[in-house]
Amino acid sequence: MTAMTHAELPKDMVTKAYARWAPVYDVVFGPVFERGRQAAIEAAERIGGRILEVGVGTGISLPDYKRTNKLCGVDISEPMLRKAKERVTEFGLSNVEGLWVMDAEYLSFPDASFDVVVAQYVVTTVPNPEATLDEFARVLKPGGEIILVSRVGADAGLRRVLEHGFAPAARKLGWRTEFPFARYVRWASRTDGMVLTERRAMPPFGHFSLIRFTKSSDPAALDLARPARQAIG
Ligand SMILES: C[S@@+](CC[C@H](N)C(=O)[O-])C[C@H]1O[C@@H](n2cnc3c(N)ncnc32)[C@H](O)[C@@H]1O
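Residues numbered from 1 in each chain as written. Predicted model: local features only at pLDDT ≥ 70, side-chain atom pairs only at ≥ 80, totals over all residues. Heavy atoms only, no water.

Close contacts around the ligand come from 20 residues, with Y25, R37, G55, D75 and A104 the closest. Between the ligand and G55, the relevant distance is 2.7 Å, taken from a nitrogen atom to a main-chain nitrogen or oxygen of the residue. Between the ligand and the protein, one listed contact pairs an oxygen atom with a side-chain N or O atom of D75 at 2.6 Å. For the ligand, the protein covers 98% of the area, taking 590 Å² as the surface of the free molecule. Across the shell around the ligand, the residue classes break down as 12 nonpolar, 5 polar and 3 charged. (Near = heavy atom within 4 Å. Polar contact = N/O pair within 3.5 Å; in protein donor to acceptor, adjacent residues only side chain to side chain. Areas by Shrake-Rupley, 256 points an atom, 1.4 Å probe, with all protein chains shown as cover. Nonpolar A, V, L, I, M, F, W, Y, C, P; charged D, E, K, R; others polar.)

Put into C-alpha cells, the structure is as follows:
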C-alpha cells in the first residue's frame, strides 16, 4: 500500500462521478484530450496485435484504431461502458473482442494476454495506482508495452499549490490533480521486467504526459537491469 489510500479516492466516488459524466463526457472531454489519445493509439499500433484499453470509458478512441488490431475494453462504470457498446455497434467495429465492466486493479484476464495495455486518463482516477500498474504488467506479454496518457502533477511552485488546493474538489469529479511523475519512476524501478521508456508532454498546457513502459522479453536481462533501475528511483 502506498501513501495514497483508498479513502482518498474511493471507488464509489469514482463510479458516481462517471455515472454523471457519461451523458456529456464526449462533448466535454472529446476535443480537449484528442491529441493525447491519438499519440497513445499511434504508440500502441507500433506494436499492434491484441490491445487492452483499461478505463475505455465511452469508447471514444475505439474507432481510431486500425481494424487489424484486436481490441478489448474494460471500465468500472456501467453507464460509460454502455456508451462504448453503442459506439461499437454504430461504427461496426468487428475488431472489438469485448467490453466488460471490470476493475482495473483486479483484471480477470490470464497472465500475458495482451501485446499492449493502454490507459488514457485513467491511472490518476483509480484508488491504488501502483497496484493497478502491477495488474497491467501481469496481463502484458513479454516484449509488450503499457501506454498511459496521464496527468502529471507539478513538483514545485504555484501550480503545485493550486493542485493540492483543488484536490478535494477534483476527487468529487472523479480524479486527482496532484500526481508526481516520481511515482511512475519508483513503480518501474521496483517492478521486475518493466522499464520506463518514454515520457512526452501532452496538451492541455503540457500538464499531461504520454508515458510508456516496456516489458522485457529477456528474463536474463531482468536481474542485470535491477541495480540501474533502482538507482533511478
Ligand atoms: C477520464 S475517463 C477516461 C476515458 C477514456 N479513456 C478517454 O480517453 O476519454 C476515466 C475512465 O476510467 C474509468 N475508471 C476509473 N476507475 C476505474 C477502475 N478502478 N477500473 C476501471 N475503470 C476505471 C472511469 O469509469 C472512466 O470511464
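Here we come to the pairing of strand 3 (residues 96-101). Bridging between strand 2 (residues 70-75) and strand 3 involves 5 bridges; their strand directions are parallel. Looking across to strand 3, one finds that V74 is bridged to W100. Regarding topology, helix 4 (residues 78-91) serves as the crossover connection from strand 2 to the parallel strand 3, and that connection is right-handed. (Pairing = 2+ DSSP bridges. Helix = DSSP H or I, 4+ residues; strand = E, 2+ residues; numbered from the N terminus. Right-handed = clockwise from strand over helix to strand, strands pointing away.)

Read across the open sheet, the 7 strands follow the order 3-2-1-4-5-7-6; overall the sheet is mixed. Unpaired on one side and paired on the other, strand 3 and strand 6 (194-202) mark the two borders of the sheet. Adjacent strand axes in the sheet meet at a mean angle of 15 degrees when their direction is disregarded. Across 7 bridges, the pairing between strand 5 (residues 140-151) and strand 7 (residues 208-215) is antiparallel. Looking at strand 7, one finds that E145 is bridged to T214. (Axes fitted to C-alpha atoms, helices over the stretch in contact; angles between N-to-C directions.)

This part takes up the packing of aromatic side chains. Counted by the stated rule, this structure contains 12 aromatic pairs. Here W100 and F109 contribute two aromatic rings whose centre-to-centre distance is 5.5 Å and whose plane-to-plane angle is 75 degrees, an arrangement assigned as edge-to-face. According to the relative accessible area criterion, F109 is buried, its value standing at 10%. Here F179 and Y184 contribute two aromatic rings whose centre-to-centre distance is 5.3 Å and whose plane-to-plane angle is 55 degrees, an arrangement assigned as tilted. Judged by its relative accessible area of 1%, Y184 is buried. Looking at R151, its charged tip hangs above the ring of F208, at a distance of 5.8 Å from the centre. (Phe/Tyr/Trp six-rings, centres within 6.5 Å; stacked < 30°, edge-to-face > 60°. Buried < 20%, exposed > 50% of the residue type's maximum accessible area, 1.4 Å probe, protein only. Lys NZ or Arg CZ within 6 Å of the ring centre and 35° of its normal.)

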